Amino acid sequence: MSSLWRTLKASRPLLSPHLSGLSSVQPRPAAALQASCVNPRRESSGRRFNVPPSAEFVARVSGIPTMAKLPFQETADGLDAAFVGVPIDTGTSNRPGARFGPRHIRVESAMLRSYNSGTRAAPYESLMVADIGDVNVNVYDLKDTCKRIREAYRKILATGCIPLTMGGDHTIAYPILQAVAERHGPVGLVHVDAHADTSDVVLGEKIGHGTPFRRCVEEGLLDCKRVVQIGLRGSGYSADSYEWSRAQGFRVVQAEECWFKSLAPLMAEVRSQMGSGPVYLSFDIDALDPGFAPGTGTPEIAGLTPIQGVEIIRGCRGLNLVGCDLVEVSPPYDTTGNTALTGANLLFEMLCVLPKVIYH
């Protein structure tokens with residue numbers, strides 16, 4: 001393996017108690033890191049940051065597939081932001097497979113580079129970032145899984161780290177937001193999705209990927225006047241499927257309002273709506289039209305384009321983002337890998353708009 005990769009310690013346990021999925025590693029000498037990495041220091045402070053290896057020197061197909069080929073560490077200690085996987089699809093109502101989302105997003109993320117050429121963002125000159133593995137979910141018990149997610153995110157957030165989550169189905173937003181609200185109070189929400197996910201009971205169950213934001217409202221986790229739902233569409237169980245959302249004070253932007261236009265003006269309004277308070281960004285890959293992202297569990301036609309998805313995330317620059325997720329990638333339904341590739345790129349865009357990121 002190249003000098004950029006870290007020496008495996010096979011005798012060391014995996015993540016504990018609720019994070020697992022990747023082997024522990026130790027750093028190579030600083031001289032080797034500096035010789036191989038692009039801009040390993042931020043000149044203004046001299047502080048060292050983790051930097052993905054350049055494919056000019058390290059083959060993309062080599063090494064352990066962490067997110068963006070970043071170093072792995074067991075906890076969020078010392079990190080400004082962390083990629084974390086939550087591999088569940090136990091809450092899925094239609095096509096399963098999202099439990100494999102984090103793994104495939106990591107594989108496709110080998111294409112990611114250090115800088116955002118479109119915005120000139122330099123996240124790895126600004127923030128200490130690593131991959132901290134996966135929450136150790138219980139694939140047989142969704143309620144226990146939610147408990148495990150909540151406890152894991154309490155620990156992540158207690159360090160001051162901003163989690164960037166790879167789902168997993170959208171159920172995970174509920175326990176994550178429980179932990180986020182414990183730390184930050186009720187948060188604003190930018191929710192990008194084909195579905196409102198505000199059902200009350202589905203097949204007798206109150207916990208599932210169609211109910212998380214109903215549960216969040218009931219528990220006071222959201223600042224409802226600072227919630228926007230973008231991209232909603234599809235057939236419904238009533239003439240107005242989004243009546244409940246509007247009744248709570250959510251702004252609802254249906255997909256039809258997004259057709260044939262840039263969403264940059266919309267996001268200027270969203271920034272005004274969100275203000276300076278804490279904001280959580282939740283992006284369901286099925287917000288995108290299935291022609292672009294077929295690998296998902298509940299696809300709906302006539303959706304957003306990847307360009308519009310990027311506009312939404314870039315439009316979150318300047319918000320007080322305290323967490324983000326990218327959910328519902330189901331790799332078995334897209335053998336090309338393009339849905340996972342799109343998800344990886346959207347997660348990188350999320351990293352680029354976090355507070356304190358430098359722009360050149």
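Caption draft 1: Inspection of the packing of helix 2 (residues 101–108) against helix 9 (residues 338–352) at higher detail. One can describe the packing of helix 2 onto helix 9 by two numbers: an axis separation of 8 Å at closest approach and a directional angle of 75°. It follows that helix 2 is roughly perpendicular to helix 9 by the angle criterion. Across from His104, Ile105 and Glu108 in helix 2, the residues of helix 9 making contact are Ala340, Leu341, Ala344 and Leu347. Taken together, the residues of the contact of helix 2 with helix 9 break down into 5 nonpolar, 1 polar and 1 charged.

Caption draft 2: Region of interest: the packing of aromatic side chains. Throughout the structure, instances matching the rule amount to 2 aromatic pairs. Measuring from ring centre to ring centre gives 6.3 Å for tryptophan 244 and phenylalanine 250, while their planes differ by 90°; the resulting arrangement is edge-to-face. The exposure class assigned to tryptophan 244 is partly exposed, which follows from its relative accessible area of 22%. The exposure class assigned to phenylalanine 250 is buried, which follows from its relative accessible area of 5%. Summarising the aromatic geometry, the rings of tryptophan 259 and phenylalanine 260 are spaced 6.3 Å apart at their centres and angled 70° between planes, so their arrangement reads as edge-to-face. Under the relative-accessibility criterion, tryptophan 259 is labelled partly exposed at 36%. Note that arginine 95 overlies the ring of tyrosine 333, its terminal NZ or CZ placed 4.1 Å from the centroid.

Caption draft 3: Fine view of the pattern of salt bridges. Taken as a whole and judged by the stated rule, the model has 13 salt bridges. The salt bridge partner of arginine 251 is glutamate 269, with a shortest N-O separation of 2.9 Å. With arginine 251 in strand 10 (residues 251–254) and glutamate 269 in helix 7 (residues 264–274), this pair connects stretches of sequence that are 18 residues apart. With relative accessibility at 29%, the residue arginine 251 sits in the partly exposed group. Overall, glutamate 269 belongs to the partly exposed group, its relative accessible area being 43%.

Cut-offs and rules
Residues numbered from 1 in each chain as written. Predicted model: local features only at pLDDT ≥ 70, side-chain atom pairs only at ≥ 80, totals over all residues. Heavy atoms only, no water. Axes fitted to C-alpha atoms, helices over the stretch in contact; angles between N-to-C directions. Helix = DSSP H or I, 4+ residues; strand = E, 2+ residues; numbered from the N terminus. Parallel < 35°, antiparallel > 145°, perpendicular 65-115°, else oblique. Contact = heavy atoms within 4.5 Å. Nonpolar A, V, L, I, M, F, W, Y, C, P; charged D, E, K, R; others polar. Phe/Tyr/Trp six-rings, centres within 6.5 Å; stacked < 30°, edge-to-face > 60°. Buried < 20%, exposed > 50% of the residue type's maximum accessible area, 1.4 Å probe, protein only. Lys NZ or Arg CZ within 6 Å of the ring centre and 35° of its normal. Salt bridge = Lys/Arg side-chain N within 4 Å of Asp/Glu carboxyl O.

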